[in-house]
Amino acid sequence: MSTVDNLSERLELLQGTLEVLILRSLQMGPNHAYGIGQFIEHHSGSEFLVDNGSLYPALQRLLQRAWITAQWKTSPNSRRAKYYRLTALGRKQLLAATSKWERFVEAMGRVLAPKGVGRA
Amino acid sequence: MREWWAKLRYALTGRRAIPDDLAAEIQSNLELETDDHLARGIPADQARNQARRHFGNPTLIKERAQEAWTFPRFATLLQDLRYGLRGILKSPGYSLVVILTLTLGIGANSAIFSVVDAVLLKPLPYPDAERLVWLGESHGKVEGISVTWGNYRAWKKYNHTFGDMAGYQWNQFTLTGRGEPLFTRAIQVDNAFFRLVGAKPVLGRVFTAEEDRAGTQRTAVLDYKFWINKLGGDRGVLSGTLDLNGLSYRIIGVLPPGPDFHNMAVDFYLPMGLFRSDSEPRTQHGSMRVLGRLRSDVTLATALGDLDQIMQRLAREDPGTEDDHRSAGKFLIDETAGDVRPILWLLMGAVGLILLIACANVANLVLARSATRSREIAIRTAIGAGRMRLVRQVLTENLLVASIGGALGLLLGYWALRALILIAPKGIPRLAEVGLDLRVLLFTAGLTIVTGVVVGLAPVLTAGRVDLTSALNAGGRSGTDTKRERSFRNALVIAEITITLVLAFSSGLLLRSLIAAQNTSPGFVPARVLSLELVLPGASYQNPQAIQNFYDRLLDGLRTIPGADEVGAVYCPPPKGDCGDWWYSVLGAPVPAKEDVPLSLFNVAGPGYFETMKIPLREGRTFTSADRTGAPLVAVVNETIARQWFPKESAVGHVIKYGGPYMPGATFEIVGVVGDVKQEGMGTVPYPEIYRPFAQDPQQAMTAMIRSVGDPNSLAPAVRRLAASLDHNLPIQRLVPEESRMASTLDRRRFATLLLAIFAGLALTLSAVGVYGLLNYWVTAREEEIAIRLALGAGRSGILTWAGTAASKLIAAGVVLGVGAAWAASNLLDSLVFGISPRDITMLSAAALVVIAIATFGAALPLARATRVDAARKLQRA
């Protein structure tokens with residue numbers, strides 16, 4: 001299924017970003033771990049490869065913080081799967097993290113932008 | 001925080017739920033992914049493979065997810081502890097031996113160290129106590145002579161090396177006017193004394209410079225215990241007085257509670273100057289010694305040199321008979337510990353050696369075990385255990401064992417210490433201060449940790465070098481046994497045997513000494529003798545006649561008590577010890593050089609003393625009533641003097657001069673020679689002694705000896721009544737049977753011998769265990785070889801010879817080294833050995849035999865096992 005063959009060309013996830021991406025993927029509605037991975041890969045234009053070795057521990061951490069909850073359900077193709085859902089606390093965290101991230105990106109951009117291009 | 005709580009909740013409750021749930025989740029997601037591939041038209045088996053490849057290693061993912069639910073460091077620690085406990089329980093025999101070994105080693109150590117710490121090491125509870133020194137005069141080889149008033153005043157005034165200096169001396173007084181007459185102890189001091197020991201009065205004041213002057217007013221400062229116990233802690237005492245020996249002393253202050261100076265409890269403090277006069281000659285000795293505090297940058301030797309210069313100058317300015325007297329000094333802490341020092345260091349050395357044996361034992365056991373575990377370690381390495389992880393686990397396991405041993409050891413130490421204090425002889429200084437205190441705890445904890453680490457390191461050194469292939473290939477062989485490890489383990493056992501032999505030899509020497517001391521004759525027959533010690537107060541008995549009258553009436557009265565057989569009196573009763581020795585010379589003998597003038601005990605005996613005590617008369621006669629004032633001065637000497645001066649002729653008729661040729665003194669004619677009496681107690685060497693007749697030298701302090709027909713204690717009530725009827729203001733200092741008094745002089749020796757014997761027994765047990773452990777391992781490692789030898793036709797006896805040779809070599813090496821070490825150590829025991837030579841060949845041979853026997857006993861089981869190896873089965877398995 002991989003579209004980028006050379007794995008080294010993919011972006012590495014920055015520390016702590018995976019949690020935000022998971023929360024974002026659940027904003028659309030409950031999903032299982034496989035679905036979350038697919039969502040992130042697809043929406044990043046396959047720039048991010050989600051390693052299961054990181055995804056599952058990250059899910060445990062979010063559960064521990066009570067930002068998400070989990071529930072076994074039957075999938076559309078009638079398989080039993082564990083579905084994760086955002087909690088109110090998780091939704092609040094996502095909003096906070098999103099705005100923080102936007103500020104971060106803007107600041108990074110401002111610093112990294114070539115001279116004269118940035119605002120005076 | 002929330003995360004932490006969730007983990008904790010999980011840790012406490014749902015142990016199983018999460019792993020199962022994760023496994024199911026991973027499985028379902030794998031299937032979801034496979035479904036995706038199938039939906040894209042990929043054939044089923046390919047779809048499954050692709051999904052699995054993309055998914056990654058499910059086990060690892062599950063583990064990592066699970067790890068999110070743990071406290072990582074803590075978890076590994078818990079795991080190590082769990083493994084450690086499992087290891088301990090898996091081989092309970094091994095663990096028990098190791099823990100027991102450590103318990104005994106650490107327990108004995110912490111108990112003895114507590115005592116050594118309190119008695120020898122802990123600073124005295126005074127300000128700058130490490131600079132406090134005890135000063136006396138010296139003359140030739142004699143050190144610690146009392147300091148004269150004149151010399152002391154000069155020292156104090158002209159020295160450049162002491163910050164402060166105070167003269168002190170003990171004295172005894174009879175307190176009257178407060179109920180029963182009371183025998184009390186005082187210490188006469190300078191006002192500087194209170195500064196030196198850091199005592200500030202809780203009531204009133206202490207002495208000032210005014211009280212230091214010779215002939216000052218009669219004042220007294222009370223000791224706290226005396227104030228509370230005898231005067232009821234009455235705050236009104238300051239306006240009161242004490243009647244001591246018939247004179248009235250004004251109470252001016254009360255000291256706070258504190259330790260007894262020099263371990264001598266006193267009831268009150270009196271001004272030094274009160275009893276001295278500036279006009280007394282510079283050669284007039286009392287019993288004053290001096291306490292001084294060195295300036296911070298001055299050594300004791302420099303300070304003594306400083307005082308010696310003052311003595312030399314005084315000798316030039318005011319020449320006299322003692323111009324060659326110099327100063328002598330010791331640090332107060334050394335002086336306080338006194339003669340217990342060698343015994344305590346001996347015990348400390350013994351327990352230190354025990355701990356060494358214990359450590360060697362444990363190291364050997366752990367080493368042997370880790371060798372048999374090398375297969376297990378190899379397998380763990382093969383399935384991916386990191387080296388650090390293994391090292392940590394081994395260390396944890398050993399520290400766990402060491403901690404259990406340490407905790408039990410501390411418990412044992414606590415009980416042992418209490419037992420020790422209970423059985424300890426009287427007169428061990430500062431024993432009251434002994435307790436398992438923080439320093440002892442730290443010492444023990446340090447020992448435990450060091451032991452744990454040392455022992456832990458041994459297997460780690462090998463664990464790192466485990467060669468996977470060879471360990472696995474070894475197959476049926478249960479251990480690897482490289483040359484290096486083998487020689488290390490052998491060295492440990494040899495060292496154990498060596499140390500054990502030293503301990504066995506030392507305790508044997510002490511035991512023989514104790515027996516010798518018990519069996520020697522005290523020089524008299526102590527059985528059925530009751531001794532009554534009295535001191536007549538000077539105020540009521542001012543002239544010699546009054547003293548003589550009192551004792552004459554007392555002895556006459558004692559003779560009439562029913563059950564009293566014979567009665568006599570003496571100034572210095574055995575085993576009171578040194579009641580004062582002095583120089584003497586024999587007229588007609590070559591005049592000795594000034595520093596070689598001999599010393600002798602001078603004692604005073606009343607008529608009937610030698611007969612009552614059954615001290616044998618060797619020559620001439622004892623004292624009679626004819627030896628009275630006005631009659632020619634006479635003396636009776638002991639055999640030591642007679643043999644020294646008159647080896648070939650009779651001593652009777654010769655003349656002795658008191659004070660020696662260089663000092664004024666009377667001359668006495670020797671009228672008799674009596675047997676040596678152990679004046680300083682059993683187990684002491686004879687000392688020259690000269691007796692004077694009581695009538696020619698009446699003493700206020702005398703001890704009446706009453707030999708009874710039956711039990712001497714039964715006479716005690718009648719004796720008390722008699723003494724009270726003669727003088728109802730006279731306190732009885734002591735009324736005890738001579739036999740128990742003499743026996744108690746061996747208490748300290750008995751105590752040291754008992755402890756050392758216990759330690760030697762401990763060492764023997766531990767080294768037997770050590771030999772057993774090593775040989776057991778030796779046999780285990782060679783079972784296969786033994787089987788092959790048996791298969792090739794070797795007999796059982798051949799195997800026994802082969803294994804026995806290996807064992808004998810070890811034991812022989814240990815014994816040879818031990819004999820050498822014991823021989824070298826015997827020098828250190830010199831001061832404690834009595835009646836035999838510390839280089840006693842018989843004792844050394846006996847100790848070597850005992851050690852060989854015990855070691856052989858330890859070797860017997862493994863050797864027997866070696867001959868019982870089942871060759872067929874062993875070779876099948878290999």
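Residues numbered from 1 in each chain as written. Chains lettered and ligands numbered in written order. Predicted model: local features only at pLDDT ≥ 70, side-chain atom pairs only at ≥ 80, totals over all residues.

Caption draft 1: Main features of the overall build of chain A. Each helix and strand counted, chain A has four helices and two strands in total. Along chain A, from the amino end to the carboxyl end, the secondary structure elements read α-α-α-β-β-α. Counting across all 120 residues of chain A, residues that qualify as buried make up 27%. Contacts spanning at least 24 positions in sequence make up 49% of the contacts within chain A whose residues lie at least 6 apart. (Helix = DSSP H or I, 4+ residues; strand = E, 2+ residues; numbered from the N terminus. Buried ≥ 20, exposed ≤ 12 C-beta atoms within 10 Å, placed from the backbone. Contact = placed C-beta atoms within 7 Å.)

Caption draft 2: The overall build of chain B, seen in detail. The number of helices and strands found in chain B is 27 helices and 22 strands. When the 878 residues of chain B are sorted by exposure, 42% land in the buried category. Restricting to contacts in chain B with at least 6 residues of sequence separation, those with at least 24 account for 83%.

Caption draft 3: Main features of the interface of chain B and chain A. Taken together, the contact between chain B and chain A spans 21 residues of the former and 20 residues of the latter. Of all the secondary structure elements, the ones that give two or more residues to the side of chain B that touches chain A are helix H1 (2–12), helix H2 (17–39), helix H3 (44–55) and helix H4 (58–67) of chain B. Per-class residue counts for the side of chain B that touches chain A are eight nonpolar, four polar and nine charged. (Nonpolar A, V, L, I, M, F, W, Y, C, P; charged D, E, K, R; others polar.)

Caption draft 4: Expanded view of the nonpolar core. Residue and element names in this part refer to chain B. By size, the foremost hydrophobic cluster in this structure holds 156 residues, and its most contacted members are Leu-222, Phe-268, Ile-354, Phe-759 and Ala-763. At 21 residues, the largest contribution of residues to this core is made by helix H24 (residues 747–791). Core analysis: the next-biggest nonpolar cluster, separate from the first, contains 60 residues, Ala-569, Trp-583, Phe-694 and Met-705 among them. (Core = buried A, V, L, I, M, F, W, Y, C linked by C-beta atoms within 7 Å.)

Caption draft 5: How the structure looks around the confidence of the model for chain B. Residues and elements named next belong to chain B. Mean pLDDT over chain B: 84, with 94% of residues reaching 70 or higher. Segment residues 475–479: pLDDT under 50, and twelve contacts once partners within four positions in sequence are set aside and those in other chains are kept. On the interface metric, ipTM, the complex scores 0.84, and its pTM is 0.67. (pLDDT = per-residue confidence, 0-100.)

Caption draft 6: Geometry of helix H7 (residues 149–158) of chain B. Residue and element names in this part refer to chain B. Of all the residues in H7, the buried ones are Trp-149, Asn-151, Tyr-152 and Trp-155. Taken down its axis, H7 places every buried residue within 165 degrees of arc, on the same side. In this structure, the buried residues of H7 make contact with strand S1 (132–139), strand S3 (162–176), strand S10 (289–294) and helix H11 (300–317). (Arc of directions from axis to C-beta.)

Caption draft 7: Spatial organisation of the environment of B:Val362. All names here are of chain B. Here Val-362 is to be found in helix H13 (residues 341–372). In this structure Val-362 comes out as buried when scored by C-beta crowding, with 30 C-beta atoms within 10 Å. With 92 residues separating them along the chain, Val-362 and Val-454 place their C-alpha atoms 9.8 Å apart.

Caption draft 8: Main features of the packing of H7(B) against H11(B). All names here are of chain B. It is the contact of H7 with H11, at a shortest axis distance of 10 Å, that shows an interaxial angle of 125 degrees. Classed by the angle they form, the pair H7 and H11 counts as oblique. Crossing of H7 against H11: the hand is right-handed. On H11, the residues touching Asn-151, Ala-154, Trp-155 and Tyr-158 of H7 are Leu-307, Ile-310, Met-311 and Leu-314. For the contact of H7 with H11, the per-class residue count stands at seven nonpolar, one polar and no charged. (Axes fitted to C-alpha atoms, helices over the stretch in contact; angles between N-to-C directions. Parallel < 35°, antiparallel > 145°, perpendicular 65-115°, else oblique. Left-handed = near helix turned anticlockwise from the far one by under 90°.)

Caption draft 9: Geometry of the packing of H2(B) against H3(B). All names here are of chain B. Look at H2 against H3: their axes get within 8 Å of each other, and the N-to-C directions meet at 130 degrees. By the angle between their directions, the pair H2 and H3 is classed as oblique. You can see that H2 and H3 cross each other, and the crossing is right-handed. Contacts from Leu-30, Glu-33, Thr-34, His-37 and Leu-38 of H2 reach H3 at Ala-44, Ala-47, Arg-48, Gln-50, Ala-51, Arg-52, His-54 and Phe-55. The class makeup of the residues in the contact of H2 with H3 is six nonpolar, four polar and three charged.

Caption draft 10: Looking closely at the confidence of the model for chain A. Per-residue pLDDT for chain A has a mean of 83; in total, 86% of the residues score no lower than 70. Predicted confidence for residues 1–5 of chain A stays below pLDDT 50, and this span has five contacts to residues more than four positions away or in other chains.

Caption draft 11: Structural detail: unusual backbone geometry. All names here are of chain B. Of the consecutive residues Pro-574 and Pro-575, the connecting peptide bond is found in the cis state with omega at 0 degrees. Its place among the elements puts Pro-575 in the loop between strand S13 (564–570) and strand S14 (581–586). If you check the backbone angles, Asn-245 has positive phi at about 50 degrees while not being a glycine. Among the secondary structure elements, Asn-245 is positioned in the loop between strand S7 (241–244) and strand S8 (247–254).

Caption draft 12: Structural context of H3(B). The terminal C-alpha atoms of H3(B), which comprises twelve residues, lie 16 Å apart, in line with the 16 Å expected from a rise of 1.5 Å per residue. A positive phi of about 100 degrees marks B:Gly56, the residue just after H3(B). (Expected span 1.5 Å × (residues − 1).)

Caption draft 13: Spatial organisation of the pairing of S8(B). Residues and elements named next belong to chain B. The sheet contact formed by strand S5 (residues 203–204) and S8 spans two bridges and is antiparallel. Across the sheet, the residue bridging to Gly-204 is Gly-253, located in S8. Looking at chain direction, strand S6 (residues 219–222) and S8 are connected through four bridges and run parallel. Counted as the bridge partner of Leu-222 is Val-254 from S8. Counting the residues between successive antiparallel strands, the hairpin from S7 to S8 contains two residues, one of them, Asn-245, with a positive phi of roughly 50 degrees. (Pairing = 2+ DSSP bridges.)

Caption draft 14: Spotlight on the environment of B:Arg643. For B:Arg643, the location among the structural elements is in helix H21 (residues 639–645). Take B:Arg643: there are 16 C-beta atoms within 10 Å of it, and that puts it in the partly exposed class.

Caption draft 15: Local environment of the pairing of strand S21 (residues 701–708) of chain B. Residue and element names in this part refer to chain B. Counting buried positions along S21 gives seven out of eight residues, so the element sits mostly inside the fold. Alignment of strand S12 (residues 529–535) against S21, held across seven bridges, turns out to be antiparallel. Each residue of the ladder has a partner; that of Ser-531, found in S21, is Met-705.

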